[in-house]
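# Residue-level structural notes
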Amino acid sequence: MQKDKMIYEGKGKKMWSVLGEPDLLIAEFKDDLTAFDATKRGNESGKGALNNKISTEIFKLLMNAGIKTDMLQSISDTEQVVKKCEIIPLEVIVRNIATGSLTKRLGISEGKILPFALVEFCYKDDALHDPIINDEHAILLNASTQEDLNYIKDQARKINEILKPFFASKGLNLVDFKIEFGRDKDGQIILADEISPDSCRFWDIKTGQKMDKDIFRQDINGGSIKVAYEEVLKRILG
Ligand code: 5GP
């Protein structure tokens, strides 16, 4: 499997075409960290490898439970081969516990356990700062159809129902997470991108300690995420 051209560079990953394989891409996980609309930037050696390993394990778990994803296989510490798909320009956020933008936006108390898993959509557009939108906005923006939004919400809730007890068994509360979906060449909607401590919030069940990118966002432990991400990987594998 040989990398050809870099076709896209995002905040956390570079995407490469693959020589002679038009339906595949290689995702290369970067060590860069960004927060607050990329106004805060950092870099920690080894972060890309940790996220590649963590995301690979989580996607494997989801695929074993019947969720369709773009992931094919990890090919190095920082790289995985994925099925090429057209990313749907929505960030799908699932919340179990109130924190972050939800508490700021609606005044819900920090740490409140939500009575049901809340699914939100943000429109992926850097220039607009990824605004929160509802179903009708998504349809108006041609981001999706109502039928596809219903499927995406259903998949997001299923993913939460698989991941919440899994992480609880590892001593971690899955507070919230962001996922993305794409359409493969047959038009099937599949889970894409990554699921890692960059895109989830994990709180230690016993101590409440934050084990995710909030460490960087909030400068906890000098903003260094490595020990926490290593602990998340250790618990996932343990
Ligand atoms: P919030 O809306 O509270 O800032 O974030 C909710 C959840 O979605 C958190 O787990 C957060 O890490 C994730 N999230 C929201 N926006 C982004 C984003 O642009 N990139 C990544 N990687 N995660 C995000």
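Residues numbered from 1 in each chain as written. Predicted model: local features only at pLDDT ≥ 70, side-chain atom pairs only at ≥ 80, totals over all residues. Heavy atoms only, no water.

### Here we look at unusual backbone geometry
Despite not being glycine, Asp 37 has its phi angle at roughly 60°, a positive value. You can see Asp 37 is positioned in the loop between strand 4 (32-35) and strand 5 (40-43). (Helix = DSSP H or I, 4+ residues; strand = E, 2+ residues; numbered from the N terminus.)

### What to know about the site of the ligand
Taken together, the neighbourhood of the ligand is formed by 13 residues, with Arg 95, Ser 101, Asp 176, Arg 201 and Arg 217 sitting nearest. One nitrogen or oxygen atom from the side chain of Arg 95 is found 2.8 Å from an oxygen atom belonging to the ligand. Interatomic distance of 3.2 Å between a backbone N/O atom of Asp 198 and a nitrogen atom of the ligand. The protein chains hide 79% of the 500 Å² of surface that the ligand would expose on its own. Looking at the shell around the ligand, its residues break down into three nonpolar, three polar and seven charged. (Near = heavy atom within 4 Å. Polar contact = N/O pair within 3.5 Å; in protein donor to acceptor, adjacent residues only side chain to side chain. Areas by Shrake-Rupley, 256 points an atom, 1.4 Å probe, with all protein chains shown as cover. Nonpolar A, V, L, I, M, F, W, Y, C, P; charged D, E, K, R; others polar.)

### Things to note about the sheet that holds strand 6 (residues 71-74)
Pairing between sheet strands relies on hydrogen bonds along the backbone, with the strands arranged either parallel or antiparallel. The strand order across the open sheet formed by five strands is 1-2-3-7-6, and the pairing between neighbours is antiparallel. Here the strands that pair on one side only, and so sit at the sheet edges, are strand 1 (3-9) and strand 6. Across the sheet, the mean angle from the axis of one strand to that of its neighbour is 30°, orientation sign disregarded. Sheet analysis places strand 6 next to strand 7 (residues 79-83), joined by three bridges and oriented antiparallel. Looking across to strand 7, one finds that Ser 74 is bridged to Gln 80. Packed on one face of the sheet, helix 1 (residues 47-64) meets strand 3 (21-29), strand 6 and strand 7 and runs near 135° to strand 6. (Pairing = 2+ DSSP bridges. Axes fitted to C-alpha atoms, helices over the stretch in contact; angles between N-to-C directions. Contact = heavy atoms within 4.5 Å.)

### Things to note about the packing of aromatic side chains
In this description, an aromatic ring pair is defined by two values, namely the gap between the centres and the angle between the planes. On inspection of all chains with the given rule, the structure shows two aromatic pairs. Residues Phe 166 and Phe 167 carry aromatic rings whose centres are separated by 5.2 Å and whose planes lie at 75° to one another, so their mutual orientation is edge-to-face. Their ring planes at 45° and their centres at 4.6 Å tell us that Phe 167 and Phe 202 sit as a pair that is tilted. Of this pair, Phe 167 sits in helix 4 (residues 146-169) while Phe 202 is found in strand 14 (residues 200-204), placing the two residues 35 residues apart along the sequence. In this structure Phe 202 comes out as buried when scored by relative accessible area, which is 0%. The ring of Trp 16 has Lys 3 sitting right over it, with the charged end atom 4.5 Å from the ring centre. (Phe/Tyr/Trp six-rings, centres within 6.5 Å; stacked < 30°, edge-to-face > 60°. Buried < 20%, exposed > 50% of the residue type's maximum accessible area, 1.4 Å probe, protein only. Lys NZ or Arg CZ within 6 Å of the ring centre and 35° of its normal.)

### What about the side chain of Asp 130?
Counting through the fold element by element, Asp 130 comes out in the loop between strand 10 (113-123) and strand 11 (132-133). A polar contact of 2.9 Å, which involves the side chain of Asp 130, links it to the backbone nitrogen of Asp 125. Not counting residues within four places of it along the chain, the set of residues in contact with Asp 130 comprises Glu 91, Cys 122, Tyr 123, Lys 124 and Asp 125.

### Comments concerning the pattern of salt bridges
Evaluated as defined, the whole model comprises 26 salt bridges. Among the salt bridges present, the one from Asp 176 reaches Arg 95, with a minimum N-O distance of 3.5 Å. Highlighted residues: Asp 176 in strand 12 (residues 172-183) and Arg 95 in strand 9 (residues 90-97), separated in sequence by 81 residues. Grouping residues by exposure puts Asp 176 and Arg 95 together as buried. (Salt bridge = Lys/Arg side-chain N within 4 Å of Asp/Glu carboxyl O.)

### Thoughts on the packing of helix 1 against helix 4
The interhelical angle for the contact between helix 1 and helix 4, taken along N-to-C directions, is 120°, at an axis separation of 10 Å. In this view, helix 1 runs oblique relative to helix 4, as classed from their interaxial angle. Between helix 1 and helix 4 lies a crossing of right-handed hand. Residues Ile 58, Leu 61 and Leu 62 of helix 1 lie in contact with helix 4, whose contacting residues are Ile 159, Ile 162, Leu 163, Phe 166 and Phe 167. For the contact of helix 1 with helix 4, a count of residues per class yields eight nonpolar, no polar and no charged. (Parallel < 35°, antiparallel > 145°, perpendicular 65-115°, else oblique. Left-handed = near helix turned anticlockwise from the far one by under 90°.)

### Points about the domain arrangement of the chain
In terms of domain boundaries, the chain breaks down into domain 1 (3-83) and domain 2 (86-223). On a C-alpha basis, the centres of domain 1 and domain 2 stand 18 Å from each other. At the interface, 27 residues of domain 1 touch 26 residues of domain 2. With both chains or domains summed, domain 1 and domain 2 bury close to 2400 Å², and 63% of this area falls on carbon and sulfur atoms. Applying the counting rule to domain 1 against domain 2 returns five salt bridges. A salt bridge links Lys 11 to Asp 126; the shortest N-O distance between them is 3.5 Å. The biggest single contributor to the side of domain 1 that touches domain 2 is helix 1, with eight residues. (Domains from an automatic or database assignment. Buried area = accessible area lost by both parts, 1.4 Å probe.)

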